[in-house]
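Descriptive analysis of the structure
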Amino acid sequence: MFAAHLEFFAAHQCAEAHWLPDTGLDILERIEIGRDFAYPSIKDRLPVILTKIVDVLYRDKCFVRGQFGEAGIEELKDFIGKISRLRSELQTDKPFTLLEEDCPDTEAWNQRIQIPNLVENPIECTDPSPLSVPLTSPTPQASWFTSSWLLAECYCYRKIASISLTSNYLRNLDPFKGQKQLALIESLDAIVSLSSFLLSNINCTLNDSTTSEALFKSLLYTSVWGNKCDLSISSGEANNQLSNVLMQLDLLKSYVLQDDVQKIFDYLVLLKTNNAVVNNNPHISYMPKTDMNRIDFVLDNAGFELFSDLCLAEYFSAIFGVQKIYFHAKIIPWFVSDVTNDDWYWSFEWMKQSGSAELLKLANLWEARIEAGQWIFTTHHFWTLPDTFDLMNSVAPDLYQQLSESTLVIFKGDLNYRKVTGDRKWDPTVCFGKVLNGFHPSSFCCLRTLKSDTLVGVTHEAVQRAKEERADWMISGQFAVVQSILPYP
Ligand SMILES: O=P(O)(O)OC[C@H]1O[C@](O)(CO)[C@@H](O)[C@@H]1O
Ligand SMILES: [Mn+2]
């Protein structure tokens, strides 16, 4: 096992040695302090997630029999067998196998599997550039422990989806549905507190600048901290927002290592009050918006996090009068807790049935916004490819074009952050704007708690402070960043 472990890292380093900082630590030491999180996350976390799926499927037996009879049960057994095989392929580092179903993303996926580390646009970086060497693949055939971390993780979830997509009765089965729903139900108290807070403050206007600014910040920080609650970091164990997050905001704020919240608010107010003047900011290579027509949320997790995002969206609609808000979600079950179409609609249903008058009121308000076309739920296959976002313009130009219509795109969560920043182990003090490799669809921000060792745009002092506080500061979900690319002032 230990040999395989080293081999894995040799392969990883082989592909990435040109940017891996020489820390003078050996591999095991780097894992210990939270760097090189790739290996334990594949080796330890994914098998647990797969085992949990098997457990859930066994428990669903009666339901499947009731719905589909014995033929359904046969399919369920086949499903369980395939999940167990996937786990065993992972644990024995077998090569990835091609997708067989005929889906819109099959060809793209099979290309990634066959030429795993192909990067079309090598990163050009003017900083003390560890990144000037183009990435090329050392191995044409990817396997679990020789491919990039991003490919291996995404492949796992896409393969789970393949099992459903190639079945008859279980085509729409989401093996994470129960966990996601339970997480929302168990967050009821925190959700009710947040909804009371929202409803009693949302009538303010921008003229009352102190209140509106404070409300914006509270809702934005709550959305950041909502990202703590994903189920993949806990290998599917409940990780809910049980306490009242609003009472903890001051404490939580102190864990934000880079905080652009004021910049984001000022930018939006400038646009709203028609004071934005197109200037010649040399760092901005897209055409900045001068209006507030559209905001995009690139969603992450269902449950408390989605609810906190919706509260922030309500602020944009009610206070800034934004005409269209797009919510981008996943087309297949993804990283355990990510929002899918079913989660989205189920969340509103649950709010209406929850017994809380506040939640009923908000669900009705938000369904009316959806009905009126102000809030738009949307999915795209690009979000479930293993591609970093610098590839979006060439792989999914339609999506890139859509985002370029936005006044502000909000990327939620850790995985989106990894994809925005190319999922490399940057020196954390490298400037955020310098790692995007041409990904400039529009103004955007990332709201993310740190659950992986990809980080940029923080000061040396902030890194020191976090390190002193806890050794696993990069992966614990305790620290966060609010980072933005904005044209004004
Ligand atoms: O839901 P999020 O915030 O994208 O987090 C997903 C998690 O999965 C990971 O990819 C690790 O398995 C981390 O990036 C993170 O812990
Ligand atoms: Mn997620």
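Report on the accompanying structure.

Reading the values: rules and limits
- Each residue is numbered by its place in its chain's sequence as written, counting from 1.
- Chain labels run from A onward and ligand labels from 1 onward, assigned in the order the entries are written.
- In view of the model being predicted, local features appear only for residues whose pLDDT reaches at least 70, and side-chain atom pairs are presented and counted only at 80 or more, with totals across whole chains, interfaces and linings using the full set of residues.
- Note that the side-chain values use all heavy atoms of the structure and ignore hydrogens as well as water.
- In this description, a donor is an N, O or S atom within 2.8 Å of the metal centre, a cutoff extended to 3.2 Å for sodium, potassium and calcium. Water is not part of the atom list, which can make sites seem incomplete.
- Burial classes: relative accessible area under 20% of the type maximum marks a residue as buried, over 50% as exposed, and values in between as partly exposed (1.4 Å probe, protein chains only).
- In this description, a disulfide is simply a cysteine sulfur pair whose atoms lie within 2.5 Å.
- Segments assigned H or I by DSSP are reported as helices when at least four residues long, segments assigned E as strands when at least two residues long, and all are numbered from the N terminus.
- His is not counted, nor are the chain ends; Lys and Arg add positive charge and Asp and Glu add negative charge.
- By definition here, a salt bridge exists when the distance from a side-chain nitrogen of Lys or Arg to a carboxyl oxygen of Asp or Glu is within 4 Å.
- Pairs of N or O atoms are called polar contacts if they sit within 3.5 Å, as long as, within protein, a hydrogen donor faces a hydrogen acceptor (for residues adjacent in sequence, only side-chain-to-side-chain pairs).
- The criterion used for residue contact is that any of the two residues' heavy atoms lie within 4.5 Å.
- We call a set of buried Ala, Val, Leu, Ile, Met, Phe, Trp, Tyr and Cys residues a nonpolar core when their side-chain atoms join them within 4.5 Å.
- Boundaries of every domain are those given by an automatic assignment or by a domain database.

So, about the coordination of the manganese ion (ligand 2). Only Asp300 (OD), Asn301 (OD1) and Asp338 (OD) from the protein coordinate the manganese ion (ligand 2), and they sit 2.1 to 2.3 Å from it. Here the donor residues of the manganese ion (ligand 2) are spaced in sequence according to D-N-x36-D. Each member of the pair, aspartate 300 as well as asparagine 301, carries the same accessibility label: buried.

On to the state of the cysteines, then. Per the stated rule, a full pass over the model turns up zero disulfides. Here cysteine 204 is not disulfide-linked; the sulfur of cysteine 311 is the nearest cysteine sulfur, at 14 Å.

In this fold, aspartate 300 is placed in the loop between β2 (294-298) and α12 (304-318). Buried charge without a partner: aspartate 300 forms no salt bridge, and the closest opposite charge is lysine 451, 4.8 Å away. One polar contact links aspartate 300 to asparagine 227, side chain to side chain, over a distance of 2.9 Å. For aspartate 300, the side chain forms a polar contact with the side chain of asparagine 301, separated by 3.2 Å. Each residue touching aspartate 300, except ones within four places of it in the same chain, is listed here: Asn227, Glu305, Ser337, Asp338, Val339, Lys412, Gly413 and Asp414.

A separate point is the nonpolar core. Counting 147 residues, the largest nonpolar core has Trp144, Phe316 and Phe411 as the members making the most contacts within it. If one sorts the elements of this core by residue count, helix α6 (residues 149-165) sits on top with eleven residues. Each of domain 1 (2-28 + 186-485) and domain 2 (38-165) accounts for three or more of the residues forming this core.

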